[in-house]
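The chain contents come next:
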Amino acid sequence: MYKSLQPLLLLLLLVGSAQSFAQTGIEREQWSSSNTVQRPDEKYKNESAIVLFDSRRTEYIDEKDQLVAFKTLHRRIHIMDDKGIERYNKVYLPVSSNKEIVDIMARTILPDGKIITVDSKNIRDLKEGEQLYKIFAMEGLVKGCEVEFYYTYRSDMAFFGREVIQNNYPVKECQVTIVAPARLIFETKGYNQVSPATDTIINTKRFVTVRQSDIPGVDDEKYASYSSNLKRVEYKLSYNASRNKTERLFTWNELAKRVHSIYANHTDKELKRVNDLINDQGWAKLKGNDYTIVTTVEHYLKTNLSIGENNDEAAENLEQVIKTKISNHRGINRLFGAIFKQLNVDHEFVLCGSRDKFSVDRSFENWNNCDNQVIYFPKLKKYIAPTEGEMRYPLIDPQWTGSLGVFCKSTTIGNFNTAIAEIRNIRGEDHQYSGSNIEAKLKLDATMDTLVVQSKQVYTGYSAVFYRASFYFSQAEQQQALIKDMAKFGTKSERIINSKIENKEMESINENKPFIFDVTVNASELVDRAGDKILVKIGEIIGQQSEMYQEKPRQFDIDVVYPHVLLRNIEFIIPDGYTIKNAGDLNISKVVKDNGQVTMGFESSYKLEGNILRVTVMEQYCNIFYPLSQYEDFKKIINASADFNKVTLVLQPK
């Protein structure tokens with residue numbers, strides 16, 4: 001987000017006195033001093049690879065009349081086994097373009113001391129989407145060898161950055177360095193227990209360095225935000241001493257002002273065209289009803305406009321956007337803002353990150369963590385996500401909730417309208433809003449070897465988003481395939497007798513009308529025989545469940561994406577002449593409470609009413625986060641649902 005907001009004026013301010021500094025070249029990288037492999041410590045014996053050192057350097061230099069940036073990565077890895085060989089037999093290095101490569105080298109150091117250097121002719125290009133990579137194969141890899149490579153390239157100019165210094169393999173030594181002309185003062189912040197930086201001036205250069213030793217390797221875990229939990233260093237330019245040592249640069253307030261200048265300012269011609277659109281659609285009649293305006297406008301724009309990520313100016317000019325119905329992220333936010341302004345709907349633009357990646361930090365203004373755009377309505381206390389086509393008011397991407405956002409609050413200074421920043425939590429909906437529920441009626445057919453399942457799957461809130469969007473945006477053939485998949489949920493059968501879908505329209509999100517899939521299926525897959533006994537796999541009606549059995553100690557806190565409830569009501573008609581031998585297996589209870597209130601739990605129970613067995617299952621997760629200290633309780637609840645899924649009723653003759 002910050003790249004699109006960085007004006008040329010500030011860049012000139014930062015380098016305005018650059019010509020008074022002598023131009024200096026960047027530091028050239030060299031091979032490490034050791035040409036022999038190391039003997040790894042005993043504590044690494046179970047690892048597939050060990051990163052012996054990992055050096056990252058971002059260097060800013062004065063080049064003629066502008067400031068330019070170069071990045072260097074230098075890494076050396078000890079290979080322990082075949083898995084390590086497989087991981088490092090090819091190296092992918094991201095770059096912007098071929099002309100920006102300054103230097104690139106790679107070599108293999110074998111256990112016997114032989115060195116194999118990668119020929120530059122064997123370094124190829126690979127493009128995936130918009131990203132270009134330099135790719136090369138490391139030759140001669142065997143257990144006990146070491147891989148070393150480094151490269152330097154000219155980077156896009158940016159005054160913010162992030163270096164993630166932890167991954168699956170342990171790192172013995174890591175160093176992150178920011179090199180810049182002494183006048184430029186960079187600040188850093190380490191996350192997830194990273195050492196503080198040192199700041200040193202040598203001659204005319206400033207060196208800001210973070211060193212970290214013995215970084216453990218970490219694996220991705222179920223119900224955890226992997227990227228956001230990794231050790232990382234973030235940095236930003238905070239002061240330009242040659243201009244003003246006390247004027248802090250790139251503050252949250254500065255970001256709010258820039259957002260306001262882009263999204264909330266429109267030309268007279270643009271507003272005239274917006275007014276024409278408002279009149280054509282009859283939205284002026286809705287004035288005073290913010291809820292109806294917001295939901296109506298959002299649905300119209302998301303239905304009729306194509307929103308891409310291109311940087312075409314026409315996709316930001318509202319006259320062209322309304323005419324062509326083609327926009328980009330900046331353009332669609334400008335259009336929403338113009339319509340709401342003309343209809344007097346109080347709104348605030350909000351920038352945020354994502355919990356599963358990187359989020360806004362109140363105390364450290366890294367604009368890199370503000371890639372996502374939201375609009376907040378103070379009177380309604382709800383949000384929309386203009387760029388997310390599958391979402392509708394009040395839902396935004398669930399990973400954006402439960403984190404801080406930069407709220408750009410409009411204010412007037414004299415005759416000048418601008419915005420100030422308020423850093424606030426982006427609150428999502430409570431756990432009752434999102435449900436994945438089942439109402440099922442089961443009976444054996446006349447042959448007693450097939451279960452007739454009449455199942456009503458009821459989805460609300462975030463639990464309904466995937467299904468509703470899939471039916472709304474897909475063709476008939478794709479919809480039929482999805483119906484088959486949904487019918488198999490809880491039955492494992494595609495033998496559909498009949499099916500019906502209710503509330504698949506996107507507008508149903510606004511009032512949280514449930515997306516309902518009503519299906520009747522013949523499921524012989526749920527019935528077995530054991531002599532004169534009939535085995536009914538009643539637990540499978542709730543669908544396959546996750547299980548959590550972790551050999552390694554849990555590393556991260558728990559994140560369930562969004563709070564939700566799963567309620568299942570199952571009714572089974574017991575055939576004449578039979579009784580249930582093991583109904584008690586249906587009673588399971590694992591609940592966690594905080595101050596007397598349930599925060600998460602799994603509870604199942606049954607009642608017998610004549611020949612009808614009624615089973616109630618309630619699973620709920622009332623919070624987004626649960627601390628690591630509650631992992632064992634959480635695991636028991638997850639496994640309780642898996643245990644219920646395995647319950648098979650034993651029907652025996654009376």
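Below, the structure is looked at part by part. (Residues numbered from 1 in each chain as written. Predicted model: local features only at pLDDT ≥ 70, side-chain atom pairs only at ≥ 80, totals over all residues. Heavy atoms only, no water.)

## Some remarks on the overall build of the protein
The line we're drawing: The helix count covers DSSP runs of H or I at least four residues long, the strand count covers runs of E at least two residues long, and both are numbered beginning at the N terminus. Using a 1.4 Å probe on the protein chains alone, a residue whose accessible area is under 20% of its type maximum counts as buried, one over 50% counts as exposed, and one in between counts as partly exposed. Here, residues are in contact when the closest pair of their heavy atoms is within 4.5 Å. Accessible surface area values rest on a Shrake-Rupley calculation with a 1.4 Å probe, where residue burial reflects the displayed protein chains alone. Only four residue types enter the tally: Lys and Arg on the positive side, Asp and Glu on the negative side, with His and both chain ends excluded. The location of each charge is read from NZ of Lys, CZ of Arg, CG of Asp or CD of Glu.
When you go through the protein residue by residue, the secondary structure sums to 12 helices and 35 strands. If one aligns the C-alpha atoms of the protein with their principal axes, the spans along those axes are about 95 × 75 × 50 Å. Counting the 654 residues in the protein, one finds 52% classified as buried. Considering only contacts within the protein whose residues lie at least 6 apart along the sequence, 73% involve residues at least 24 apart. As displayed, the protein has an accessible area near 30700 Å², and 46% of this comes from carbon and sulfur atoms. With 86 positive and 87 negative side-chain charges, the protein shows a spacing of 2 Å between the two charge centroids.

## As for the environment of V560
When you line up the elements, V560 lands in the loop between β28 (558–559) and β29 (564–573). The exposure class of V560 is buried, given its relative accessible area of 7%. The spacing of V560 and A224 is 336 residues in sequence and 7.5 Å in space, taken between C-alpha atoms. Setting aside residues up to four positions removed in sequence, V560 forms contacts with Y223, Y621, N623, I624, Y626 and F634.

## Concerning the packing of aromatic side chains
For any pair of aromatic rings, the description rests on two quantities: the centre-to-centre distance and the angle between the ring planes. For clarity, the cut-off: Note on aromatic pairs: the rings of Phe, Tyr and Trp (six-membered ring only in Trp) are paired at centre separations within 6.5 Å, and the planes decide the class, stacked below 30 degrees, edge-to-face beyond 60, tilted for the rest.
Within this structure, the stated rule accounts for 29 aromatic pairs. Ring geometry for F340 against F377: centres 5.2 Å apart, planes inclined by 85°, an arrangement best described as edge-to-face. One end of the pair, F340, is in helix α9 (residues 329–342); the other, F377, is in strand β18 (residues 372–377), with 37 residues separating them in the sequence. The exposure classification of F340 matches that of F377, with both residues buried.

## Some remarks on the nonpolar core
Rules: Throughout, nonpolar core names a set of buried Ala, Val, Leu, Ile, Met, Phe, Trp, Tyr and Cys residues whose side chains join them through atoms within 4.5 Å.
Grouped together as the largest cluster of nonpolar side chains are 57 residues, with contacts concentrated most on F186, W252, L301, L335, I339, F340 and V406. If you look at the next biggest cluster of nonpolar residues, it comprises 44 residues, including I534, L566, A640 and L649.

## Examining unusual backbone geometry
Cis geometry marks the peptide bond from Y393 to P394; its omega dihedral reads 5°. Tracing the chain through its elements places P394 in the loop between β19 (382–384) and β20 (404–413). The phi torsion at K325 lies on the positive side, around 60°, for a residue other than glycine. Mapped onto the elements, K325 comes out in the loop between α8 (318–324) and β16 (326–328).

## Here's the deal with the packing of helix α10 (residues 462–473) against helix α11 (residues 476–488)
Stated precisely, the cut-off is as follows: Axis definition: a line fitted to C-alpha atoms, over the contacting stretch in the case of helices. Angles run 0 to 180 degrees between N-to-C directions. Our angle categories are set so that under 35 degrees counts as roughly parallel, over 145 as roughly antiparallel, 65 to 115 as roughly perpendicular, and the remainder as oblique. In this scheme the handedness of a crossing depends on how the near helix is turned from the far one: anticlockwise by less than a right angle means left-handed, clockwise means right-handed. Note that Gly is not counted as nonpolar here; it falls among the polar residues with everything else outside the nonpolar set of Ala, Val, Leu, Ile, Met, Phe, Trp, Tyr, Cys and Pro and the charged set of Asp, Glu, Lys and Arg.
Following both chains from N to C, one finds α10 and α11 inclined at 150°, their axes separated by 9 Å at the closest point. Classified by the angle between their axes, α10 and α11 sit roughly antiparallel to one another. The way α10 lies across α11 gives a crossing that is left-handed. On the side of α10, the interface is formed by F466, Y467, S470 and F471, while α11 contributes Q479, L482, I483 and M486. Partitioned by chemical class, the residues of the contact of α10 with α11 number six nonpolar, two polar and no charged.

## Looking at empty space enclosed by the protein
Where we set the bar: With a 1 Å grid laid over protein atoms only, a set of points is called a cavity when a 1.4 Å probe fits there but cannot get out and a pocket when it is open yet has protein on both sides within 12 Å along at least five of seven lines; lining residues have an atom within 4 Å of a point. Grid points are joined across faces, edges and corners, and a volume is the space filled by probe spheres set on the points.
A full pass over the atoms with the stated rule returns one cavity of 30 Å³ or more. When its volume is computed, the largest cavity comes out at roughly 50 Å³. Contributing to the lining of the largest cavity are Y383, P394, L395, I396, T401, R427, G428, E429 and Y462. Of the residues that constitute the lining of the largest cavity, the class distribution is five nonpolar, two polar and two charged.

## Focus on the pattern of salt bridges
For side chains bearing opposite charge, pairing can occur when the charged atoms are close. The criterion, for reference: Salt bridges are defined by distance alone: a side-chain nitrogen of Lys or Arg within 4 Å of a carboxyl oxygen of Asp or Glu.
In this structure the tally under the stated criterion is 46 salt bridges. The salt bridge involving R56 is made with D54; its shortest N-O contact spans 2.6 Å. Residue classification places R56 among the buried residues on the basis of a relative accessible area of 9%. Owing to a relative accessible area of 3%, D54 belongs among the buried residues under this scheme.

## Considering helix α12 (residues 631–645)
Applied cut-off: How far a helix is expected to stretch is found by multiplying one less than its residue total by 1.5 Å.
The end-to-end C-alpha distance of α12 is 21 Å, a good match for the 21 Å that 15 residues give at a rise of 1.5 Å each. Burial within α12 is extensive, with 11 of its 15 residues counted as buried. Looking at the buried positions of α12, the neighbouring elements they touch are β28, β31 (588–594), β32 (597–609) and β33 (612–621).

## A look at the sheet that holds strand β12 (residues 198–202)
Put simply, the rule is: For two strands to count as paired, DSSP must find a minimum of two bridges between them.
Spatial ordering of the open sheet is given by β5-β4-β8-β2-β1-β10-β13-β12, a layout of eight strands whose pairing is mixed. In this open sheet, the two edge strands, each paired with only one partner strand, are β5 (115–117) and β12. Averaged over all pairs of adjacent strands, the angle between strand axes in this sheet comes to 15°, irrespective of strand direction. As paired elements, strand β2 (residues 66–79) and strand β8 (residues 146–155) share 10 bridges and run antiparallel to each other. Pairing of R76 across the sheet is with E148, part of β8.

## Observations regarding the layout of surface pockets
Of the voids in this model, the second largest pocket is the one considered here, and its volume is about 500 Å³. When contributions to the lining of the second largest pocket are tallied by element, the ones reaching two or more residues are β22 (435–444), β23 (451–460), β29, β33 and α12.

## A word on α9
Condition: Polar contacts here mean pairs of N or O atoms no more than 3.5 Å apart (in protein, one a potential hydrogen donor and the other a potential acceptor; neighbouring residues in sequence count only if both atoms are side-chain atoms).
Counted at 1.5 Å a residue, the expected span for α9 with its 14 residues is 20 Å, and the 20 Å between its end C-alpha atoms agrees. Buried residues dominate α9, accounting for 10 of its 14 residues. Looking at α9, one finds that the buried residues are G331, I332, N333, R334, L335, F336, G337, A338, I339 and F340. A side-chain oxygen of the first residue of α9 lies 3.3 Å from the backbone nitrogen of R330; this N-cap is N328. Positive backbone phi, at 60°, marks N344, one or two positions downstream of α9.

## Some words on the pairing of β22
Of all 10 residues that make up β22, seven are buried, and the element is covered over most of its length. Sheet analysis places β22 next to β23, joined by 10 bridges and oriented antiparallel. Residue pairing in the sheet places S436 in a bridge with Y459 of β23. Where β22 folds back onto β23 in an antiparallel hairpin, the turn is made up of six residues, including M448, whose phi is positive at roughly 65°. Note: β22 against β29, seven bridges, orientation parallel. In the sheet register, E439 faces β29, and the bridge partner there is N569.

## Quick word on the pairing of strand β25 (residues 515–523)
In terms of burial, β25 is a largely internal element, eight of the nine residues being buried. Sheet topology note: the β23/β25 ladder contains nine bridges and is antiparallel. Counterpart to Q454 in the pairing with β25 is T520. Relative to β25, strand β24 (residues 496–502) runs antiparallel, the two sharing six bridges.

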